[in-house]
Amino acid sequence: MRTLSYRQAINEAIQQEMERDPRVFIYGLDVPDHKRIFGSTVGLLEKFGSERCFGTPLSEDAMTGFGLGAALNGLRPIHVHIRVDFLLLALNQLFNMISCYRYMTGGKCAIPLVIRAVIGRGWGQSFQHSKSLQSIFAHIPGLKVIMPTSPQDAKGLMIAAIRDNNPVIVLEHRWLYDVEGDVEETPFETPIGTARILRTGKDLTVIATSWMNIEAQKAAQILEKHHVDLEIIDPRSISPLDMETLVTSVTKTGHCIIADYDWLNCGFSSEISARLMETCFHSLKSPVKRIGFAPTPCPGTRPLENLFYPNAITIIREVEKKLSLSKIDLSQETFYSYENKFKGPF
Amino acid sequence: MDTNRVLKERQQLNLELYRRAYLIRTAEEKIRRHYDENEMKTPTHLSIGEEAIAAGICAALHAKDQLFGTYRGHGIYLARTQETQKFFLELFGKEGGIADGKTGSMHLSAIEDGLMGTSAVVGTTLPVAVGAAFANKVQQNGKVVAIFFGDGAIEEGVFWESLNVACLKQLPILFICEDNGLAIHTPKSQRQGFKSLCNIIRQFSCEVIHEKSTDPEIIYQLGRHALDHTLSTQQPTFLHLEYYRYYEHVGVYEDFKFNYRPKDEFLKWYAQDPVLLQRQKLLNLTILEAELASLERKIQQQVDESFENAQRSSFPTAEKLYEHIYA
Ligand SMILES: Cc1ncc(C[n+]2csc(CCOP(=O)(O)OP(=O)(O)O)c2C)c(N)n1
Ligand SMILES: [Mg+2]
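Now for a description of the structure that goes with this document. Residue indices follow the written sequence of each chain, beginning from 1 at its first position. All chains are assigned letters beginning with A, and all ligands numbers beginning with 1, in the order in which they are written. With the structure being a predicted model, the display of local features is reserved for residues of pLDDT at least 70 and the display and counting of side-chain atom pairs for 80 or more, all residues being used for whole-chain, interface and lining totals. Excluded from the side-chain calculation are hydrogens and water; included are all heavy atoms of the structure.

As a further point, take the packing of helix α1 (residues 3–34) of chain B against helix α8 (residues 216–233) of chain B. Residue and element names in this part refer to chain B. Close contact between α1 and α8 brings their axes to 10 Å; oriented N to C, the two are set at 100°. By the criterion of interaxial angle, the relationship of α1 to α8 is roughly perpendicular. Along its contact with α1, which presents Arg-10, Leu-13, Asn-14 and Leu-17, the element α8 presents Pro-216, Glu-217, Tyr-220 and Gln-221. Any residue that is not Ala, Val, Leu, Ile, Met, Phe, Trp, Tyr, Cys, Pro, Asp, Glu, Lys or Arg is counted as polar, Gly included; the first ten are nonpolar and the last four charged. Looking at side-chain class alone, the contact of α1 with α8 contains four nonpolar, two polar and two charged residues. Only C-alpha atoms enter the line fits that serve as axes; for helices the fit covers just the stretch in contact. Angles between N-to-C directions range over 0 to 180 degrees. The secondary structure listing takes helices from DSSP runs of H or I that are at least 4 residues long and strands from runs of E that are at least 2 residues long, numbered from the N terminus. Relative orientations are named as follows: roughly parallel for angles under 35 degrees, roughly antiparallel for angles over 145 degrees, roughly perpendicular for angles from 65 to 115 degrees, and oblique for any other angle. We call two residues in contact whenever any of their non-hydrogen atoms come within 4.5 Å of each other.

Structure (structure tokens):
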């Protein structure tokens, strides 16, 4: 094990798979330019040449169908979007073609296609450069959707996605790229459809997606000092979903907060909540609570951006309510500030 | 016509163009100087280098005409409105900005002045502008729509779909392709598989104009010609206008050190810098140095005042988060 950043872990996964399997190639706007998608595609052009690592015209819709065609004919494409918001231009190919192509051909075709998209908060990005959209993609049968949080999971899930014979959408949070952690060097697969227990605890289950796991871990550290023991579960895979791990945890703690990095309305949080109600209603000591974005477009200005996004404090306050605790004084605590990591503009 | 009057008119026109170009340059330079202070927390795509297009076309348009643009929208915002108060409030994320700071640099608009919107997803305003032109035609109100977009937008299917509809329906619209040869860091040669954009567009039922001058007056004349053509024939006009982007795609710095474009190219264009060229032209037209200096001082003051006002102003209150979502 060595320490790698999330961006390095993704990069290593792709490099190793491209080495192992000559059918794998990577493409997308800005993939080979000097910024290399926040550093995640570094070295690929040099190592594999411009036939296996290339930029594209601004043609998201066509280049998505292009990926489908290449996959049909035996290649294993990885298509990259520096913002998930641009992937919206390709929903037709994604929802009308890619997701149902195998179905349409009576199971004769497999679609080994990976679509990477960067999500979430940047720096004053406002409403066209900050979405997450996991529930939108997960809504569609035939697509798999993953949201790795740790560098280790980023590597293992990326490799699993590349080896998967189905279309897999990988949603990578902008801020996670700087997160560091231990990562195994030899290639390995983290099975898609398995959740990870990030922290075991007995008092309350927090189910968090993507960046919200970082916030949940911070909340857990603070709550620990106040004798509250959180269990944190990262589903990692939005679709398929490992309900068993979630149900086991909630059955144990009896309390559940879902902290989804997205809007709540018709969201992934609603889905988990409904399924918990269907499967372990009688183990719940309190109603499931959901935390997510404010139901508004994302504002650009910082003070409102801070209100739009939930964070560790939001989680702590909800835990207090659930467990009838008095309000914890947080004035001495330091919380994540992205100013320490990067200042704009992108 | 008496030569004196001709000279006067040319002086007036060129002063007007200079005022707009200089305002853009001054506001953008102000942003450049202060961006690192980290108070304007909004991704900015500067219009420096592009002033001739923004100033020339905006001066050619009539007050009732309408505009749409892109995230690289400071130029047309400033040239159209000539206001800087709301502009800087928005960049600082402050109350009283265009959308109380919620929209930021990439989505400027001035509905009251006919700047109907700009957008940070490439190509997205193109069909909207075509629909707006359709409404204007239906309502026979004589308004022309000007839609500004980059050379990258050409590669989106929606560009061709929009152009086709506009030509099919013979709508009063000017397509203004602001071609800086780059989409972020990628040159056209790595993105476009055709030889001549204009030759393709000429096959559509519209007028096509190509120009690479950085002279605001030349762009203005083309704008007038386009407007006349579109108003008299009710046919779209396509203006393919080349310019050079001086700084990085987003942000305020030079980026020649990354070697994706040669600095020589910049120097060639800079020798024809639209603002300097326009200034020199005014001197040649016998405008006095003192008059220019006074005009420049006024604009600098306007920019400084708006900037400082924005610094002093308050951020929007929490309720603003939920405002303006539904009518
Ligand atoms: C649909 C879409 N794809 C990708 C992007 C990312 N992106 C932002 S600006 C840009 C380049 C656009 O180039 P061009 O249209 O020439 O405009 P310029 O920035 O040169 O003014 C790209 C690819 C985007 N904003 N929207
Ligand atoms: Mg361009």
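Still to come is the rest of the account.
Residues and elements named next belong to chain B. Pairing of aromatic rings covers Phe, Tyr and the six-membered ring of Trp, with a centre-to-centre limit of 6.5 Å; geometry is then stacked below 30 degrees between planes, edge-to-face above 60, and tilted otherwise. Enumeration according to the criterion identifies 38 aromatic pairs over all chains in this entry. With a centroid separation of 5.5 Å and 45° between ring planes, the pair formed by Phe-149 and Phe-159 is classed as tilted. Of this pair, Phe-149 sits in strand β3 (residues 145–150) while Phe-159 sits in helix α6 (residues 157–168); the two residues are ten residues apart in sequence, bridging distant segments of the chain. Considered together, Phe-149 and Phe-159 belong to a single accessibility category, that of buried residues. Ring geometry for Tyr-244 versus Trp-269: centroids 6.2 Å apart, planes at 20°, classification stacked. Taken together, the positions of Tyr-244 in the loop between β8 (237–242) and α9 (263–270) and Trp-269 in helix α9 put the pair 25 residues apart, joining distant regions of the chain. Across the pair, exposure class does not vary: Tyr-244 and Trp-269 are buried alike. An aromatic cluster is defined as three or more aromatic residues linked by ring pairs; in this entry it consists of Tyr-244, Tyr-246, Tyr-247, Phe-256, Phe-266, Trp-269 and Tyr-270. Only Lys NZ and Arg CZ are tested; either one counts as a charge over a ring when it is within 6 Å of the ring centre and within 35 degrees of the ring normal. Across the ring face of Phe-307, the terminal group of Lys-30 is positioned such that the distance to the ring centre comes to 4.8 Å. Here Lys-94 stacks its cationic end above the ring of Phe-315, 5.0 Å away from the centre of that ring. Only protein chains enter the area calculation, which uses a 1.4 Å probe; residues under 20% of their type maximum are buried, those over 50% are exposed, and those in between are partly exposed.

This next bit is on the coordination of the magnesium ion (ligand 2). Residues and elements named next belong to chain B. Asp-151 (OD), Asn-180 (OD1) and Leu-182 (O) make up the full set of protein donors to the magnesium ion (ligand 2), lying at 2.1 Å. Atoms of type N, O and S within 2.8 Å of a metal are treated as its donors, and for Na, K and Ca the window is 3.2 Å; water is not considered, so some sites may appear to be missing partners. On the primary sequence, the residues serving as donors to the magnesium ion (ligand 2) are separated as D-x28-N-x1-L. Owing to a relative accessible area of 9%, Asn-180 belongs among the buried residues under this scheme. Take Leu-182: its relative accessible area is 10%, and that puts it in the buried class.

All names here are of chain B. In this scheme, a helix's expected span is set at 1.5 Å multiplied by one less than its residue total. Between its first and last C-alpha, α8 extends 25 Å over 18 residues, near the 26 Å set by a 1.5 Å rise per residue. Buried within α8 are the following residues: Pro-216, Glu-217, Ile-219, Tyr-220, Leu-222, Gly-223, Ala-226, Leu-227, His-229 and Thr-230. In the core, the buried residues of α8 are packed alongside α1, α2 (51–60), β4 (173–179), β7 (207–211), β8 and α10 (274–284). Polar contacts, as counted here, are pairs of nitrogen or oxygen atoms within 3.5 Å of one another; within protein the pair requires one atom able to donate a hydrogen and one able to accept it, and residues that are adjacent in sequence qualify only if both atoms are side-chain atoms. Between the side-chain oxygen of the N-cap and the backbone nitrogen of Glu-217 there are 2.8 Å, and the N-cap of α8 in question is Asp-215.

Attention now goes to the site of ligand 1. Ligand 1 sits among 20 residues. The nearest are Glu-60 of chain A together with Tyr-71, Arg-72, Asp-151 and Asn-180 of chain B. Whether a residue is near a molecule or strand depends on its heavy atoms: if one lies within 4 Å, it is near. Site remark: ligand 1 is flanked by residues from chains A and B. Separating a nitrogen atom of ligand 1 from a backbone N or O atom of Val-122 of chain B is a distance of 2.9 Å. A total of 580 Å² of accessible area belongs to ligand 1 in isolation, and the protein chains cover 96% of it. Grouping the constituent residues of the shell around ligand 1 by class yields twelve nonpolar, four polar and four charged. Areas reported here follow the Shrake-Rupley algorithm with a probe of radius 1.4 Å; residue values treat only the protein chains shown as occluding.

Keep in mind that these numbers describe shape and distance, not what the molecule does.
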